[in-house]
Amino acid sequence: ALNQGSLLKGTPTGGETQTWGIRSKGGCSNLLMGDLDTSDGVGSVYFRQDRRPATLQRAAEHINRAFPEDEEVELSHAVVVTWRHVASHEPHGRGDGLSNRKNTFQMVIASGDKVSYAILLYPREGLQFLSTSVGGGTVPMQAGFNQGPVKYTFWSTQPGNYYQITSDNEQSVKDLAEQTNSGKRGVWVFEIGTAPYFSSITAGEVTAFSPDTKAEDDPPSPARHAVSPGGHREVQHPRYDTQPHEAHKGAQEPHAELPAAQPVHTLQPTARDPVILCYALYTVFSYNFETCANNRQKCSTFADCRDYPSGYCCHCRPGFYGNGKQCVAEGKPQRMNGKVNGRVYVGNSPSPVELRNNDLHSYVVANDGRAYVAISTIPISLGPSLLPLSSLGGVIGWAFALEQPSFENGFSITGGEFTRQAEVTFLPGNEKLTIRQNFQGIDEHEHLVVNTELEGRVPQIPRAATVQIDPYSEIYQYSNNLITSSSTREYTINHDDGSSETRTFQWRQTITFQGCPHDESSRTALSPQQLSVDQVFVMYDDGNQLIRYAMSNKIGSVNGGEPRDNPCFTGQHRCDTNAVCRPGHGNQFTCECTGGFTGDGYTCYDLDECRETPHVCDRNAICSNYPGTYRCQCIDGFQFASDGHTCVEVDQPVDHCQRGTHNCDIPERARCIYTGGSSYTCSCLSGFQGDGRACRDIDECQLGRCHQDAICYNTQGSFTCQCRAGFHGDGFYCSPGKRQKTRCEHHRESVLGAEPRGPRPPLGQYVPECDEAGNYKPVQCHASIRKCWCVDRNGVEIPGTRTEWGTVPMCKSLSTMPRPVGPTPRPDVHPLPPGTHLLFAQSGKIEHVPLDGYNMKKNEAKAVLYLPDKVVIGVAYDCVDKVIFWTDITSPSISKASLHGGEPTTVISSDLESPEGIAIDHLGRTMFWTDSMQDRIEVASLDGRQRRVLINTGLVNPRAIIADPIRGYLYWTDWNRDAPKIETSYMDGSNRRVLVKDDLGLPNGLTLDPQTSLLCWADAGTLRVECMNPSVSNRKKVLEGIQYPFGITAYGSNLYYTDWKAVIMTDSSTKKETDEFLPSKRSRLYGITIAYAQCPSGYNYCAVNNGGCTHLCLATPSGRSCLCPDDAVGLGCVERGTGY
């Protein structure tokens, strides 16, 4: 906005016009804000960066004089901007001669290490005009500072702070050249904070002229001043001129305070309206005089650092492209994740549709420029009306467009770090929508990150209609750190009655980014380029509330025409999606696998760097392989050094509770609680009192805990109550008389009989066990034959439940069991609300506990599914369709139910004996389960129709199973008492190997944290929770001395496990239990899993088009395998090995 006498704080929003006055929308510093004219070829604006000692010394003198009581400043750099011979814009027909008067003034932004100052310099002879024409009238010019818009709500802003130097009259403008706050006439100094923050404005403190002012205002020597043709004293100013300028009558110069400058940048805009011109001026505030020696780590791993006279720049190496700080391999597919927020009005609706953190995912086949974009949870009231906006994902296509020779796509220029704003105007209704997107580069998972905000109104499109978008092209204009484009586009709406209509919208976008200012060649603006987009596909899936865009993108010459005939430039090659196409002579080409892959280019396989090059990571680091790359992570007790590769030891806190070096009382009376670092506290157990270091028993009998007709017996840490003779009850309540004996008690007495020395069973006779209420216990055992089994409420053995002595069968509760009920009919059974939840199985029902962050909202726990007469062991959740799957050992069967409501559905009920663990591949749409009676692991499609046995050898008691679909691995436990183990294989069952076999007891639960790659298990034999990285042997204990654990699941840094009585939350980083949830129904808890609010981000080859397989697609680390179901005869199934 230099032509307005303003220095803009940052680049304005694309298309935004300047609201008049200091309280305008844009953040800026205004020396003389007015409708100024620089279009006659004479008036000019100059700016430069300057860090020469003479310039900084002169600026420091002004600042020190303005703030005499402060410490003297030391400046490191400055920006000098000069407005020379600028006139007021004169509307046609005005004849007052105002345009014959011209003003010259200057601003210096000077900065030190902690603070910045603005120095405003006005001419000694005074300003020649004080007002400009605005809106048909004359308005005094203004001077001051404006913060610009600040965030008000999630989707809106409000005006920020402002500081006004002048008032609304011309005298205040005239005073700028005649008064001061720095002790020198016409020089004004302000402390403005540290860029880019607007904290406060502090004005200079010296309003009286200094004694030396008159001397400096005396006529200068001829070497410094001359007389203009009009007779006015004029400062000769060749340091700002890049070409000769004619002296103008009546023109004047500001104080000649600063030495000659080079280089000088000239700005002569020609816009007539007072519009903020986006010249990316914010780059003049970007300083970096550092060298590669201390900043090499700021460049990409795949870039070289080069020093230049004013600083350093990063440049991607051959075979990679980007801006140097972000580089990706040529030809490598790219993935993007992000969030969408905002408010969008549809049609004439008075209420907006609000978007809050909707997931955006994109996948780009870089070697042919094809981009796929999906946005989730778009309600049907909005989804169809967003179909024309394929450009929501079009910027992704531009970023990775197929490059024609000598042209560059967006990522090559910006490195994926840029801000984009687009204004869309729909015709003929003039609905307007603003799209703001912030691209933040590549994250640690090698995914591009973008945040999107939508604000405005779109025309309504009927729900049943479809939208067709024909191929189009768009011209991109480039200047220093700024890219713009605009176009008018058409789209066709096809209605369900067969009719169609064509509509248009106007599109204007601005892309800003930060290039490296030190490489002179990179500052040269690119010539315009044309983005050609075809094969545009848009679709709204109302069932899943998902909108999809797909398009093919090429970047090339603005002269249009077809791309070069070579298949590398047309995208019509046969290279693997993980390969780069290399053009040859004519139509010849070759395919080369990108970095991290190996093969012939037509088929590429992932290269396991961790296995092929064992020392690729530091010896104190863990190497994790990913498709096309790898990652090093320092082991516990180490962290990365400044080089980002070497792992150095860090000071480790001591957990005295775990080491046993605390001074708490013995474990039978007290508990040591680790509180982080090397700290801990001691707490007496229930039934004891004291400070935790010395605990003594509480005599509950003295407190009257038992009923008055009961006898109290005190024990260490507890007590018991027993009703007196002639009374019956539990001791806490006793009533006269005796209750009737139950069937179990009669049965037991009939076997035991009556003997003089008490009841004794006949040798080898089975004696039933009764509970406190006199009912049969669900588990009955016979010591003589060394067997245990389950019984019904009448004490009759349930067939198929008998186990060997020492192994307790999992038997259902014998309480009253009504018929099955789905998630909606019962008032105490509820569909799953939004958010992330824990799902766990408890005898005949499945319950959920909502999570607030990582904490359990225990008071909101409810039943999700009521399944009487069932014993649910394993639970798994399909995050795509919001469906829960479970295994039942009573039927036996595998079933599912939608958490939106409805009755349970049996998926598999044949050829099962004891299905226990179950896992879901939400990408490949398959499920895996273990059968501990048939000793095998199977896979099936989610509808149960395509079923195949993967592993049926070397298993004894397989139980827990989990899938890692992103990396292509399966993991499972086998609690074989003679040789327990934890194993892994590819998801197709190949490459099977044992991970853990030593120091295991009964490994029941198993889970994998997808973020840290930690595999954790709960062992009911060793009573421990342990974790390890499957790639290396770094096994570590998380918890010890726990109760009988069964299921376990991971979420963030927390582990949640069941121990038959409760759900216990554990912080794996501090290795301590932090909370527990006790369900109201005291029956055994089994499997547990996480129900994510949104599916975890990730991708495998089976996620798109079933991986090209006819039936089962099973991911592997390097691709996928296409397998046939076991009953595939006559189905036309084709099997293919691993690869893609």
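Scoring rules and cut-offs
- Residues numbered from 1 in each chain as written.
- Predicted model: local features only at pLDDT ≥ 70, side-chain atom pairs only at ≥ 80, totals over all residues.
- Heavy atoms only, no water.
- UniProt positions renumbered as here; feature names shortened; annotations may be inferred.
- Helix = DSSP H or I, 4+ residues; strand = E, 2+ residues; numbered from the N terminus.
- Buried < 20%, exposed > 50% of the residue type's maximum accessible area, 1.4 Å probe, protein only.
- Contact = heavy atoms within 4.5 Å.
- Areas by Shrake-Rupley, 256 points an atom, 1.4 Å probe, with all protein chains shown as cover.
- Expected span 1.5 Å × (residues − 1).
- Phe/Tyr/Trp six-rings, centres within 6.5 Å; stacked < 30°, edge-to-face > 60°.
- Lys NZ or Arg CZ within 6 Å of the ring centre and 35° of its normal.
- Pairing = 2+ DSSP bridges.
- Axes fitted to C-alpha atoms, helices over the stretch in contact; angles between N-to-C directions.
- Disulfide = S-S within 2.5 Å.
- Salt bridge = Lys/Arg side-chain N within 4 Å of Asp/Glu carboxyl O.
- Core = buried A, V, L, I, M, F, W, Y, C linked by side-chain atoms within 4.5 Å.
- Polar contact = N/O pair within 3.5 Å; in protein donor to acceptor, adjacent residues only side chain to side chain.
- Patch = residues over 30% accessible without salt bridge, like charges linked within 9 Å, V, L, I, M, F, W, Y side chains within 5 Å.
- Lys, Arg positive; Asp, Glu negative; His and termini not counted.
- Charge placed at Lys NZ, Arg CZ, Asp CG, Glu CD.

Labelled according to an unreviewed UniProt entry, the protein chain appears under the name Nidogen 1, originating from Scleropages formosus. The heading Subcellular location (unreviewed entry) in the UniProt record of the protein chain holds the text "Secreted, Extracellular space, Extracellular matrix, Basement membrane".

J.: Go over the overall build of the protein chain, please, and point to the residues and values.
T.: For the protein chain, the count of helices and strands is 10 helices and 81 strands. Classification of the 1140 residues of the protein chain by burial places 52% in the buried group. For the protein chain, long-range pairs separated by at least 24 residues make up 52% of all intrachain contacts whose partners lie at least 6 apart in sequence. Accessible area for the protein chain stands at about 52,000 Å²; split by element, carbon and sulfur atoms hold 48% of it.

J.: Tell me about helix α1 (residues 53–66), residues and numbers included.
T.: For α1, built from 14 residues, the straight-helix expectation of 20 Å at 1.5 Å per residue is met to within 8% by its first-to-last C-alpha distance of 20 Å. Among the residues of α1, those classed as buried are Thr55, Leu56, Ala59, Ala60, His62, Ile63, Asn64 and Ala66.

J.: Lay out the packing of aromatic side chains with the relevant residues and their values.
T.: Under the counting rule described, the total for this entry stands at 19 aromatic pairs. Among the aromatic residues, ring-to-ring pairing joins Trp398, Phe418, Phe439 and Tyr476 into one connected group. The lysine or arginine in question, Arg489, covers the ring of Trp507, its NZ or CZ lying 4.9 Å from the ring centre. When the ring centre of Trp789 is taken as origin, the NZ or CZ atom of Arg802, which lies over that ring, is 4.5 Å away.

J.: So what's going on with the sheet that holds strand β74 (residues 1036–1040)? Residues and values would help.
T.: The 4 strands are arranged β71-β72-β73-β74 in an open sheet whose pairing can be described as antiparallel. The outermost strands of the open sheet, each flanked by one partner alone, are β71 (1003–1009) and β74. Taking the axes of each pair of neighbouring strands and ignoring which way they run, one obtains an average angle of 20° across the sheet.

J.: Quick one: what's the story with the state of the cysteines, residue by residue and with numbers?
T.: All chains considered together, the criterion is met by 22 disulfides. At a sulfur-sulfur separation of 2.1 Å, the disulfide partner of Cys684 is Cys695. In this structure the cystine formed by Cys684 and Cys695 twists about its S-S bond by roughly -90°; its chirality is therefore left-handed. Of the two residues, Cys684 is situated in strand β45 (residues 680–684) and Cys695 in strand β47 (residues 695–697); the sequence distance between them amounts to 11 residues. Side by side, Cys684 and Cys695 carry an identical accessibility label, which is buried. A sulfur-sulfur separation of 1.9 Å characterises the disulfide bridge that pairs Cys701 with Cys712. Residues Cys701 and Cys712 share a disulfide whose torsion about the S-S bond is about -80°; that sign makes it left-handed. Here Cys701, found in the loop between β47 and β48 (710–715), pairs with Cys712, found in strand β48; they are 11 residues apart in sequence, far enough to count as distant.

J.: Please give an account of unusual backbone geometry that cites residues and values.
T.: Generally, phi is negative for residues other than glycine and the peptide bonds are trans, each holding for most cases. Look at the link from Leu427 to Pro428: it is a cis peptide, with omega at 10°. Topologically, Pro428 is positioned in the loop between β27 (417–427) and β28 (431–442). That bond from Ser891 to Pro892 is cis: its omega, -20°, falls within 30 degrees of zero. Counting through the fold element by element, Pro892 comes out in the loop between β60 (883–888) and β61 (893–898). Here His85, not a glycine, exhibits a phi torsion of approximately 60°, which is positive. In this structure, His85 sits in strand β5 (residues 77–88). Since its relative accessible area comes to 1%, His85 is described here as buried. With a phi angle near 60°, Lys1071 is a residue other than glycine that sits in the positive phi range. With relative accessibility at 26%, the residue Lys1071 sits in the partly exposed group.

J.: Quick rundown of the pattern of salt bridges? Include the residues and the values.
T.: Counted by the stated rule, this structure contains 34 salt bridges. Between Arg959 and Glu916 there is a salt bridge; the shortest N-O distance is 2.8 Å. Of this pair, Arg959 sits in strand β67 (residues 958–964) while Glu916 is found in strand β63 (residues 915–921), placing the two residues 43 residues apart along the sequence. Residue classification places Arg959 among the buried residues on the basis of a relative accessible area of 8%. For Glu916, a relative accessible area of 2% gives the class buried. Each of Asp911, Arg936, Glu938 and Arg947 takes part in a single network of salt bridges with overlapping partners.

J.: So, the nonpolar core: which residues are in play, and what are the values?
T.: With 62 residues, the main nonpolar core has Leu382, Trp398, Leu433 and Tyr549 as its most contacted residues. When neighbours within four sequence positions are excluded, Trp398 is seen to be in contact with Asn409, Gly410, Thr414, Phe418, Tyr476, Tyr478, Ile483, Ile511, Leu531, Asn553 and Ile555. Core analysis: the second largest hydrophobic core is formed by 26 residues, Met107, Met141, Trp188 and Phe190 among them.

J.: With reference to specific residues and values, describe the pairing of strand β58 (residues 862–866).
T.: The two faces of a sheet get side chains in turn, since along a regular strand they alternate between them. The buried fraction of β58 amounts to 4 of the 5 residues, a majority that puts the element mostly inside the structure. Alignment of strand β56 (residues 845–852) against β58, held across 4 bridges, turns out to be antiparallel. Its bridge partner being in β58, Ile846 is matched across the sheet by Leu865.

J.: Explain the side chain of Arg489 residue by residue, including any values.
T.: Within the fold, Arg489 resides in strand β32 (residues 482–494). Take Arg489: its relative accessible area is 7%, and that puts it in the buried class. A polar side-chain atom of Arg489 sits 3.3 Å from a polar atom in the side chain of Ser487. Residues within four places of Arg489 in sequence aside, it is in contact with Ser391, Tyr472, Glu474, Arg503, Thr504, Phe505 and Trp507.

J.: How would you summarise the environment of Glu417 if you had to cite specific residues and measurements?
T.: Mapped onto the elements, Glu417 comes out in strand β27. Taking relative accessible area as the criterion, Glu417 reaches 32% and is therefore assigned partly exposed. When the C-alpha atoms of Glu417 and Asn323 are compared, they prove to be 8.9 Å apart, with 94 residues separating the residues in sequence. With sequence-adjacent residues up to four places away left out, Glu417 is seen in contact with Asn323, Gln326, Phe439, Gln440, Gly441 and Phe513. At 3.3 Å, the side chain of Glu417 and the side chain of Gln326 are in polar contact.

J.: How would you explain a negative patch on the surface if you had to name every residue and give the values?
T.: On the surface, Glu69, Asp70, Glu71 and Glu205 cluster together into a negatively charged patch. Relative to the helices and strands, Glu69 resides in the loop between α1 and β5.

J.: How would you explain the side chain of Asp964 if you had to name every residue and give the values?
T.: For Asp964, the location among the structural elements is in strand β67. By relative accessible area, which is 5% here, Asp964 ends up buried. With near-sequence residues (within four places) excluded, Asp964 lies in contact with Tyr969, Tyr971, Met987 and Leu1008.

J.: So what's going on with the pairing of strand β36 (residues 579–583)? Residues and values would help.
T.: Bridge count between β36 and strand β37 (residues 589–593): 5 bridges; the pairing is antiparallel. From the neighbouring strand, Cys581 faces β37, where its bridge partner is Cys591. Taking the residues between adjacent antiparallel strands as the criterion, β36 and β37 are bridged by 5 residues, where Gly586 takes a positive phi near 65°.

J.: So what's going on with the sheet that holds strand β53 (residues 787–790)? Which residues, and what values?
T.: With antiparallel pairing, 3 strands are arranged side by side in an open sheet as β52-β53-β54. The open sheet terminates on both sides in strands that have one partner only, identified here as β52 (779–782) and β54 (803–804). Summarising the sheet, β53 and β54 pair through 2 bridges and their orientation is antiparallel. Its bridge partner being in β54, Cys788 is matched across the sheet by Thr803.

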